[in-house]
Amino acid sequence: MPLLDIDCISHAYGTQAVVRELSFQLETGQIACLLGASGCGKTTMLRLIAGFERPATGSIRLNGVTVADTNLHMPAEKRRIGMVFQDYALFPHLSIADNIGFGLHQKSTLEIRQRVDEMLDLIGLSNRGERYPHELSGGQQQRVALARALAPEPHLLLLDEPFSNLDIALRERLSLEVRDILKRAGMAAILVTHDQNEAFAVADVVGIMREGRIEQWDTPYNLYHRPATRHVADFVGQGVFISGEVLSRQSIKVELGILESDVPMECGTSCAECGRGCRLDVLLRPDDVIHDDASDVLAEVVAKSFRGAEFLYTLRLDSGAEVLSLVPSHHNHAIGEQIGIRLAVDHVVGFPNRQ
Amino acid sequence: MLSDFDFSVIADSLPFLWSGLQFTLKLTLTAMLGGIFLGTLLALARLSSVAPLATAATWYINIMRSIPLVMVILWFFLVIPLLTGAPMGAENSALVTFTLFEAAFYAEIMRAGIQSVTRGQVAAGYAIGFSYSQNMRFVILPQAFRNMLPVLLTQTIVLFQDTSLVYAIGAKDLLKASEIAGKNYNRPVEMVVFVALVYFVICFALSYTVKRLSRRR
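Residues numbered from 1 in each chain as written. Chains lettered and ligands numbered in written order. Predicted model: local features only at pLDDT ≥ 70, side-chain atom pairs only at ≥ 80, totals over all residues. Heavy atoms only, no water.

**Observations regarding the overall build of chain B**
Scanning chain B for helices and strands turns up eight helices and zero strands. Counting from the amino terminus, helix and strand elements in chain B follow one another as α-α-α-α-α-α-α-α. For chain B, buried positions account for 44% of its 217 residues. Long-range pairs, those at least 24 residues apart, make up 78% of the contacts in chain B with a sequence separation of at least 6. Accessible surface computed for chain B: about 11,400 Å², of which carbon and sulfur atoms make up 69%. Once the 16 positive and 10 negative side-chain charges of chain B are each reduced to a mean point, those two points are 19 Å apart. (Helix = DSSP H or I, 4+ residues; strand = E, 2+ residues; numbered from the N terminus. Buried < 20%, exposed > 50% of the residue type's maximum accessible area, 1.4 Å probe, protein only. Contact = heavy atoms within 4.5 Å. Areas by Shrake-Rupley, 256 points an atom, 1.4 Å probe, with all protein chains shown as cover. Lys, Arg positive; Asp, Glu negative; His and termini not counted. Charge placed at Lys NZ, Arg CZ, Asp CG, Glu CD.)

**Thoughts on the pairing of strand 8 (residues 189–193) of chain A**
Two faces belong to every sheet, and in a regular strand the side chains alternate between them. Residue and element names in this part refer to chain A. Of all five residues in strand 8, five are buried, a share of seventy percent or more. Side chains Ala189, Leu191 and Thr193 of strand 8 all project onto a buried face; the interleaved residues Ile190 and Val192 project onto the opposite face, where all are buried too. As judged from the four bridges shared by strand 7 (residues 156–160) and strand 8, these two strands associate in the parallel manner. In the sheet register, Leu158 faces strand 8, and the bridge partner there is Ile190. In this fold, strand 7 hands off to helix 5 (residues 168–185), which returns the chain to strand 8; that crossover is right-handed. (Pairing = 2+ DSSP bridges. Right-handed = clockwise from strand over helix to strand, strands pointing away.)

**Let's talk about a nonpolar patch on the surface**
Residues and elements named next belong to chain B. Together, Trp59, Ile63, Ile67 and Met71 give the surface a local cluster of nonpolar side chains, amounting to about 410 Å² of exposed area. Residue placement: Trp59 occurs in helix 2 (residues 51–66). Given a relative accessible area of 56%, Trp59 falls into the exposed group. (Patch = residues over 30% accessible without salt bridge, like charges linked within 9 Å, V, L, I, M, F, W, Y side chains within 5 Å. Salt bridge = Lys/Arg side-chain N within 4 Å of Asp/Glu carboxyl O.)

**As for the pattern of salt bridges**
For the structure shown, the criterion picks out 20 salt bridges over all chains. With a closest N to O distance of 3.6 Å, A:Glu177 and A:Arg173 form a salt bridge. Placement of the pair is A:Glu177 and A:Arg173 together in helix 5, with a separation of four residues, close to one helical turn. Judged by its relative accessible area of 24%, A:Glu177 is partly exposed. Its salt-bridge partner being B:Glu179, residue B:Lys183 comes within 3.9 Å of it at the nearest N-O pair. Here B:Lys183 pairs with B:Glu179, and both are found in helix 7 (residues 174–185), just four residues apart, close to one helical turn. Taking the relative accessible area as the measure of exposure, B:Glu179 reaches 23% and is therefore partly exposed.

**Some thoughts on the packing of helix 1 (residues 7–47) of chain B against helix 7 of chain B**
All names here are of chain B. In contact at an axis separation of 7 Å, helix 1 and helix 7 are set at 155 degrees when each is read in the N-to-C sense. Taken together, helix 1 and helix 7 sit at an angle that is classed as roughly antiparallel. Crossing hand, helix 1 versus helix 7: right-handed. Side by side, helix 1 and helix 7 meet where Val9, Asp12, Ser13, Phe16, Leu17, Gly20, Leu21 and Thr24 of the first sit next to Leu174, Ala177, Ser178, Ile180, Ala181 and Tyr185 of the second. Taken together, the residues of the contact of helix 1 with helix 7 break down into nine nonpolar, four polar and one charged. (Axes fitted to C-alpha atoms, helices over the stretch in contact; angles between N-to-C directions. Parallel < 35°, antiparallel > 145°, perpendicular 65-115°, else oblique. Left-handed = near helix turned anticlockwise from the far one by under 90°. Nonpolar A, V, L, I, M, F, W, Y, C, P; charged D, E, K, R; others polar.)

**Remarks on helix 4 (residues 138–150) of chain A**
Here helix 4 of chain A is 13 residues long and its end C-alpha atoms lie 18 Å apart, about the 18 Å a rise of 1.5 Å per residue gives. The buried fraction of helix 4 of chain A amounts to 12 of the 13 residues, a majority that puts the element mostly inside the structure. Elements in contact with the buried residues of helix 4 of chain A: strand 6 (81–84), helix 2 (96–101), helix 3 (109–122), strand 7 and helix 5 of chain A together with helix 5 (119–127) of chain B. (Expected span 1.5 Å × (residues − 1).)

**Quick notes on the environment of B:Gly170**
Residue and element names in this part refer to chain B. Relative to the helices and strands, Gly170 resides in the loop between helix 6 (132–162) and helix 7. Residue classification places Gly170 among the partly exposed residues on the basis of a relative accessible area of 35%. Every residue in contact with Gly170, bar those within four places of it in the chain, is listed here: Ala90 and Lys176.

None of this, on its own, says anything about what the molecule does.
Quick look at the structure:
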């Protein structure tokens, strides 16, 4: 039995449908992420789970108990779902220790002290319990918010854009730290964000959302390498589409050569129907295009961006189509130069041609 | 003309003036504490989702805020005895009137205070398992009160000055005491000047405190 079972949930603000027949499941201890551009309905989905909104259709079951369906609405404070907010929403009039112990009000003073100390320890702020929220840095406030949400031992933790108020360097470090804290606490969690680096750093499984639906619910690896839809392929990671022609079930001809795939091509249902001679748009990631001086396929450097260990080159082919290539940064080529490239695609992803 | 000032009459009447000031302070404190308590309840009622409660509170607040205080004082003093059949006395009548009147003003301040607490704070309260009333008591009201402290104190300074209006029903506050003393010694000018100074010193000290309080935040 899954810990959380979202079944066919819809929600609208007025006539504007925000979440459309959305379903997914979460196992105990699993960290999931709803990833999408702003306005895709991800935050609304989180508010539905938390109990701040009522779904129009569908049901939400937590730990085998229905917490929401069309007739029933368990109030937010009864669901035992913790939440970490975008602005942390720490209580400014309380010390750090009191903030963390706030949700434990029905316990004895001793138990509260023990749990608060345990939590302060978990987030590495053991000696800061007497401080007030405004005396802490953004990253520390974030961890206090996490500890406050974890203290009452919720069934599930929800995090709404938890890193968006932090600078980029801190964001990366803290997202790993948060994952570590959640895993040590064995806590199942759902994170909402528009930043895929954050999603990939924290989550075991990611749902790509668009217009109130989940387009693909999968591991970060699969989202990148086996995107189910064109939107997912576009949204996740970098890459370009170049046109190709189907030769057989396992090979496609593109401008740079013939792509062979061991597995049937991942291009939805239409690909197999499409058959020999059919035109496809093939996804090429920057790591699929390899710089090789021995290759007789040449491309012109049109743009380059230095990434430290590597350059990301934008290359123009003879036909005018452009591809991206990640090249170790000691291969420093000037813009306008012709360089040799070859393809190293072990997995072809194609989608029906747009026209 | 100032050389004609007889300061000894002030010294002689200090105990009598002090008794008047005591009532002024008692009236201010009672109306402040009672007013903030009732005002908070009124603010909660006004923000309530129970429509009749919200309407009643809104009407109460609007009416009180739209009538001159001196009229409310007179009205209470004259009409309540007619209804209850027993005279209340000017002092008691003043205590009740001021508390009920100031409640309307404090209510609006507390309403602004409650609304100044962000929705995120309320959601955070629910997320750690607080009910509406627990949220109100432990999360929202403490913050509302803290945010509004300078405004509440400013209103109290106005209240302190307004207590002199009980003059209209002859309750013996600082102003009335000074008038009586002035008549006794036939030295009204000294008394009026002295009393004005007392009001000024107290109000100025209070405003200074408020200014420091709001700067510290």
